[in-house]
Amino acid sequence: MGSTSARGSCLCGAVAFQVGLPTVACLHCHCSMCRRNHGAGYVTWVAAGASGFEVTAGEDQLTVYQSSTHGTRSFCSACGTSLFCINEQHPEIVDIPLANFDDPIDRPPEAHYYLADRVEWIPLDESLPDLGP
Ligand SMILES: [Zn+2]
Ligand SMILES: [Zn+2]
């Protein structure tokens, strides 16, 4: 029997969370918002079910940034780690960077997203499909 949950945290440890397994998806997002928000060529997200998602420590440390008309991105106020991306268009899912997990999750990255916005200075895993948009 595998694990039924996976835990993670921010850089300073003030904010901790857990998600239920199985997760919904894991993909590399190449959009410019993710790139700036994380200071990285692309961001590998884990989509987890909102029902099994819980902030287990430091909820009061989270700053929520309204990054679009229908979405928010939150980060740790103490260390700045980007954490949860929530989109009103699919509230049943919470997106969390794979980099912030302490435990293994149940799947490897499966696809690229927003590949049209990709930067040229990051090599791509060409074996993964392009999900658009
Ligand atoms: Zn922190
Ligand atoms: Zn993105």
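The structure presented is a predicted model; accordingly, all values stated were derived computationally and were not measured. (Residues numbered from 1 in each chain as written. Chains lettered and ligands numbered in written order. Predicted model: local features only at pLDDT ≥ 70, side-chain atom pairs only at ≥ 80, totals over all residues.)

Focus: the sheet that holds strand β1 (residues 5-9)
- Read from one edge of the open sheet, three strands run β1-β2-β5, paired in antiparallel fashion. Each edge of the open sheet is held by one strand with a lone partner, namely β1 and β5 (54-57). Averaged over all pairs of adjacent strands, the angle between strand axes in this sheet comes to 30°, irrespective of strand direction. (Pairing = 2+ DSSP bridges. Helix = DSSP H or I, 4+ residues; strand = E, 2+ residues; numbered from the N terminus. Axes fitted to C-alpha atoms, helices over the stretch in contact; angles between N-to-C directions.)

A few points about the pairing of strand β3 (residues 25-29)
- As defined by bridge partners, β3 adjoins strand β4 (residues 43-49) across five bridges and the pair is classed as antiparallel. What sits directly across from His28, in β4, is Thr44.
- In the sheet, β3 pairs with strand β10 (residues 111-113) via three bridges, with the strands oriented parallel. The partner of His28 across the bridge, within β10, is His112.

Details of the sheet that holds strand β7 (residues 71-76)
- Strand order in the open sheet formed by seven strands is β6-β7-β8-β9-β4-β3-β10, and the pairing between neighbours is mixed. If you trace the sheet from one side to the other, it starts and ends with β6 (62-68) and β10, each paired once. Averaged over all adjacent pairs, the angle separating strand axes in this sheet is 30°, with direction ignored.

Some details on the nonpolar core
- Cys29, Trp45, Ala48, Leu83 and Ile96 are the most contacted members of the largest nonpolar core, which totals 23 residues.
- Elements represented by at least two residues in this core include exactly β2 (16-20), β3, β4, β7, β8 (82-87) and β9 (93-97).
- The greatest single-element share of this core, amounting to four residues, is contributed by β4.
- Excluding its chain neighbours within four sequence positions, the residues that come into contact with Trp45 are Leu27, Cys29, Asp95, Ile96, Pro97 and Leu98. (Core = buried A, V, L, I, M, F, W, Y, C linked by C-beta atoms within 7 Å. Buried ≥ 20, exposed ≤ 12 C-beta atoms within 10 Å, placed from the backbone. Contact = placed C-beta atoms within 7 Å.)

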